[in-house]
Amino acid sequence: MKKNLFVLIFLCFVYVVSANIFPICYDGKYGYIDENLTVYTQPLYDEATEFIDGIAVVKENDLYHIINDKFSILATVDANSVKLPAEGGIPFEKDEIWFYTDFWGNIMANGFTCASSFSNGLAIVGLSETEYCIINNKMENICNIFPANIDIPIVNNRVFIRSPQNYLIALAEITANGLKLCTEYTFFEVNEFIEGIA
């Protein structure tokens, strides 16, 4: 009975991840299994991200641990929340200040009001409550923007931006000279691109 319940919970809480290792939630705790239901870790974490580039972040006893796909702890980070690790950087938040660490817990940049995960080498960060910019994974400012939603990833150097005047949304391309509009400001709400469709 307990195994059937575990399989049912797996089917309800599985996330799509790389490396075919999935975080699952059972009885309020997270662990990892693969598509063959091989248990890699019992559900013992308070939070768990998916593995990206062989790296995941788990929370245990109010601390975040950066782990590799062999479940070895690479670093421990004191933070309140985390977003997905990607492309060498992990955005963490502590006391409403966002910062990035590398996969070994070294701080790469900090002092942001918000931060997204990297996608195609780029991320969106908040410099203040009203000022945002796009940075590359070397933590260089590429251009200032007014994002539609910081959690929608940048795909193929394109980002959804919001008009400061009327809050309508447009799709823009990130170029060497800044942003180039691909559409007019006509959208009220947008979702992330999945298989080329948003």
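It should be noted that the structure appears before, not after, this text.
The present account deals with the structure reproduced in this document. Note that the coordinates shown come from a computational prediction; the quantities given were computed from them, not determined experimentally. (Residues numbered from 1 in each chain as written. Predicted model: local features only at pLDDT ≥ 70, side-chain atom pairs only at ≥ 80, totals over all residues. Heavy atoms only, no water.)

This next bit is on the side chain of His-65. Turning to its location among the elements, His-65 is positioned in strand β6 (residues 63-68). There is a polar contact of 2.9 Å between the side chain of His-65 and the side chain of Thr-76. Here His-65 is in contact with Ala-56, Val-57, Val-58, Glu-60, Ile-73, Ala-75 and Thr-76, once residues within four sequence places are set aside. (Helix = DSSP H or I, 4+ residues; strand = E, 2+ residues; numbered from the N terminus. Polar contact = N/O pair within 3.5 Å; in protein donor to acceptor, adjacent residues only side chain to side chain. Contact = heavy atoms within 4.5 Å.)

Applying the stated criterion to the full structure yields 3 salt bridges. Measuring nitrogen to oxygen at the nearest pair gives 3.9 Å for the salt bridge that ties Glu-47 to Lys-59. Taken together, the residues span a long stretch of sequence, with Glu-47 in strand β4 (residues 47-48) and Lys-59 in strand β5 (residues 55-60) at a distance of 12 residues. Lys-94 is paired through a salt bridge with Asp-78; the nearest N and O atoms lie 3.3 Å apart. (Salt bridge = Lys/Arg side-chain N within 4 Å of Asp/Glu carboxyl O.)

As a further point, take the layout of surface pockets. Approximately 460 Å³ is the volume attributed to the largest pocket. Lining the largest pocket we find 21 residues, and of these Leu-84, Ser-117, Ser-119, Pro-153 and Glu-192 sit closest to its centre. Along the lines of polarity and charge, the residues of the lining of the largest pocket split into 13 nonpolar, 3 polar and 5 charged. (1 Å grid on protein atoms, 1.4 Å probe; cavity = no way out; pocket = protein on both sides within 12 Å on 5 of 7 lines; lining within 4 Å. Points joined across faces, edges and corners; volume = space filled by probe spheres on them. Nonpolar A, V, L, I, M, F, W, Y, C, P; charged D, E, K, R; others polar.)

Checked against the element boundaries, Val-39 lands in strand β3 (residues 39-45). Val-39 sits in the partly exposed class, given a relative accessible area of 36%. When the C-alpha positions of Val-39 and Ile-21 are compared, they lie 9.3 Å apart, and in sequence the two are 18 residues distant. (Buried < 20%, exposed > 50% of the residue type's maximum accessible area, 1.4 Å probe, protein only.)

With that settled, consider the nonpolar core. Formed by 24 residues in total, the largest nonpolar core has its most connected members in Tyr-100, Ile-134, Ile-135, Ile-145 and Val-159. Among the secondary structure elements, those contributing two or more residues to this core are β10 (97-101), β11 (107-112), β12 (114-115), β13 (122-126), β14 (132-136), β15 (141-145), β16 (158-162) and β17 (169-175). Contact partners of Ile-134, with chain neighbours within four places excluded, come to Leu-122, Ala-123, Ile-124, Glu-140, Asn-141, Ile-142, Cys-143, Ile-145, Ile-154, Val-159, Ile-174 and Leu-179. With 12 residues, the next largest nonpolar core counts Val-57, Val-77, Ile-90 and Phe-103 among its residues. (Core = buried A, V, L, I, M, F, W, Y, C linked by side-chain atoms within 4.5 Å.)

Purely geometric stuff here, so don't read any function into it on its own.
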